[in-house]
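Spelled out from the first residue to the last, the chains are:
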Amino acid sequence: MDWSSYSLADFLMFGPEVFLRLYSRVNRDFWPWPVVTVLASVLMAWLLTLGELWARRAVLALLGMAWVCSGAGFMLRYYGPINSPVEYFGWGFIAQGIALGLTAVVWRPESASPDTSRRRLIALAWLLVVCLLPWLVVMESGEWQALGLFAITPDLTVLASLFSLLLLPRRLRALLLLLPALWAVFSALTLWTLGMTVLLIMPLATLALIPFAISSRQR
Amino acid sequence: MRFRLSRRHFLAGMAAMGLTLRVPGLLADTSSNAITREIPATGEPLPVIGMGTWRTFNVGGDQQLIAQRTQVLKTFFDLGGTLVDSSPMYGSADDVMGQALSALEARDRVFAATKIWTGDENATREQAEVSRRKWQVARFDLLQIHNLLGWEGHLETLKSMKAEGEVRYLGITTSHGRRHRDIERLMATEPLDFVQLTYNLLDREVEERLLPLARERGIAVIVNRPFQGGSLFRRFDSEPLPAWAGEVGCKNWAEFFLKYIVSHPAVTCVIPATTRVDHMRENMGALYGPLPDTSQRERMAQYVRSL
Ligand SMILES: NC(=O)c1ccc[n+]([C@@H]2O[C@H](COP(=O)([O-])OP(=O)(O)OC[C@H]3O[C@@H](n4cnc5c(N)ncnc54)[C@H](OP(=O)(O)O)[C@@H]3O)[C@@H](O)[C@H]2O)c1
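Since the structure is predicted, the reported quantities are computational estimates derived from the model, not experimental observations.

A. Geometry of the pattern of salt bridges. Residue and element names in this part refer to chain B. Inspection of every chain in the model, using the stated rule, returns 24 salt bridges over all chains. Of the charged contacts in the structure, one is a salt bridge between Lys74 and Asp78, with a shortest N-O distance of 2.8 Å. Here the residue Lys74 and the residue Asp78 both occupy positions in helix H2 (residues 63-78), the gap between them amounting to 4 residues, near one helical turn. For Asp78, a relative accessible area of 45% translates into the label partly exposed. With a closest N to O distance of 3.4 Å, Arg125 and Glu164 form a salt bridge.

In structure tokens, the structure reads:
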């Protein structure tokens, strides 16, 4: 096959309208789940400020649930039917969510939690990301019901996860950053081809932050 | 209902008759005046405007959009169209088509065409059956090997399926001018009923060899990407139609683009895709009225080049 004659647009099977409506549809169909996820996001910010082991475990467990929900809901049920590679990612998200859940249960941290000021910084960054970035989809679609929320939509779930993964030791963290990196590349190419420059911010920010997330020390 | 013959109908009828004489296989359907072409293999008439579904019908489970696309399909049928083209490659398009056909109870009105798109050359029947269940039709009218993927195995199976009455016609597809040498070789050597290829006012390479070969070999031609995926509108929509557009039966750019294609004597059907009812109406306008003759076609191509 002569791949040079193909462009990215040849692989894009849907238009912007169908894609943006996925967000409002999922929020409507799963109501009041969007409210629960917003509350969970705030709860996670508070947990991130605490240094205790149980709080760190709880953050990881909630994060795992967020990955499973976004994989099983948005990706497998809504996005996958119009964009077949997303189905594989959806299963990957569920696997990653389970891995995070298992980590929460079995993980015995060798090092102490990051110091207080660093924890607060992580929590603040987390809060800003999960509260502000959902509005990017609203800006792109012009519909406030299209909020792209954490634990529902993949781009924000992935980007927000980077902050919580800082709790983990570097090697484990690097392993758990593989899927976020792959997803961010896939998502960036898709959004680029759709011409959705505002939404591109999320996967591009993920890709820019991954090297820092890998190299960052725990404290 | 009384039928009054207006001057416009009379002139359009005369023009269509004139064209019928000039272009073999082109017939004016007396019931609706829709322009049809015969499928060379059987002589079965086919309206020259069909419908594509790439991107436009891949709306997943979005009930609002499914209902809206159903209206697009209804408009297509109401205005005399029959051939709908899809592929397992088009995401949920096969599913959505099945739902739209059910809502319209239109299975007897559709000329159902989809594709085989798998590298597994033993999976022809299996994939055709999956698509058939999605469309919920008794059988497909046409199965095409999408972009020649795994063509050797698929073609043999399609031949058997046709012999057993599981499908009425078989064909191959390409687009964007890809693999024309292979397409030409298969057209010259295999018993194909249909070939699908890209042809529009700017992409005219097929006029050289493939279209003449299709006529010579009695192969029906389906034309994809008639608007170059929509870019012809983006490029020319702001430009005026030529003053003589009415002479070639065109009221708007959609008709201008489509009539250029369907007036080629080798073309059987063109399959523009749209998400919009108003665009479907414009496109179906090309199913009626006079078509340009050879010199007018050249004038059309020259005009577009000059813009
Ligand atoms: N290898 C293959 O087998 C192959 C490859 C390519 C295509 N195909 C088939 O051929 C079909 C047609 O090709 P295509 O879909 O790529 O491109 P196309 O039909 O040339 O163009 C479709 C685009 O034109 C726009 N459009 C349609 N009617 C219009 C009108 N009256 N005014 C303004 N814009 C209009 C549509 O936008 P709106 O939705 O806004 O109307 C859509 O974006 C496909 O759907 C598919 O079934 C097959």
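Anyway, onward from the coordinates.
B. Focus on the sheet that holds strand E7 (residues 167-173) of chain B. Residues and elements named next belong to chain B. Ordered by their spatial adjacency, 7 strands build an open sheet running E4-E5-E6-E7-E8-E9-E10, and the pairing between neighbours is parallel. The open sheet has two edge strands with one neighbour each: strand E4 (83-85) and strand E10 (269-270). As paired strands, strand E8 (residues 194-198) and strand E9 (residues 220-224) are joined by 5 bridges and run parallel to one another. The residue bridging Val195 from the neighbouring strand is Val221, located in E9.

C. View of the interface of chain A and chain B. On the side of chain B, 17 residues touch chain A, which itself brings 13 residues to the contact. Taken over both partners, the interface formed by chain A and chain B buries close to 1400 Å², and the fraction arising from carbon and sulfur atoms is 44%. Here chain A is connected to chain B by 3 salt bridges. Inspection of the region where chain A meets chain B yields 9 residue pairs in polar contact (both at pLDDT 80 or more). Per-class residue counts for the side of chain A that touches chain B are 8 nonpolar, 1 polar and 4 charged.

D. Local environment of the site of the ligand. Residues and elements named next belong to chain B. Surveying the vicinity of the ligand reveals 30 residues, the closest of which are Asp85, Asn147, Thr274, Thr275 and His279. At 3.3 Å from an oxygen atom of the ligand is found a main-chain nitrogen or oxygen belonging to Pro226. Between the ligand and the protein, one listed contact pairs a nitrogen atom with a side-chain N or O atom of Asn283 at 3.0 Å. Broken down by element, the shell around the ligand gets its largest block of residues, 3 residues, from helix H10 (residues 277-284). Split into classes, the residues belonging to the shell around the ligand amount to 9 nonpolar, 16 polar and 5 charged.

E. Layout of the environment of Glu205(B). Residues and elements named next belong to chain B. Here Glu205 shows up in the loop between E8 and helix H7 (210-217). Separated by 28 residues in sequence, Glu205 and Phe233 have C-alpha atoms that sit 20 Å apart. Among the polar contacts listed, one links the side chain of Glu205 to the side chain of His180, at a separation of 3.2 Å.

Criteria and thresholds
- All chains use their own residue numbering, which begins from 1 and follows the written sequence.
- Each chain takes a letter, starting from A, and each ligand takes a number, starting from 1, following the order in which they are written.
- A pLDDT threshold of at least 70 governs which residues receive local features in this predicted model, and a stricter bar of 80 or more applies before side-chain atom pairs are shown or counted, although totals over entire chains, interfaces and linings include all residues.
- Here the side-chain values reflect all heavy atoms present in the structure, with hydrogen atoms and water set aside.
- Salt bridges are defined as contacts in which a side-chain nitrogen from Lys or Arg sits within 4 Å of a carboxyl oxygen from Asp or Glu.
- For helices the rule is a DSSP run of H or I covering at least 4 residues; for strands it is a run of E covering at least 2, with both sets numbered from the N terminus onward.
- For every residue, the accessible area (1.4 Å probe, protein chains only) is compared with the maximum for its type, and the residue is labelled buried under 20%, exposed over 50%, or partly exposed between those bounds.
- Pairing between strands requires that DSSP locate at least two bridges from one strand to the other.
- A contact between two residues is defined here by any heavy atoms of the two lying within 4.5 Å.
- Buried area adds together the accessible area that both of two parts lose upon being put together, with accessible area traced by a 1.4 Å probe.
- Pairing of N or O atoms within 3.5 Å defines a polar contact, subject to two protein rules: one partner must be a possible hydrogen donor and the other a possible acceptor, and residues neighboring in sequence count only if both atoms are side-chain atoms.
- For this classification, the nonpolar set comprises Ala, Val, Leu, Ile, Met, Phe, Trp, Tyr, Cys and Pro, the charged set comprises Asp, Glu, Lys and Arg, and every other residue, Gly included, is treated as polar.
- By convention in this text, a residue qualifies as near a molecule or strand provided that one of its non-hydrogen atoms is within 4 Å of it.

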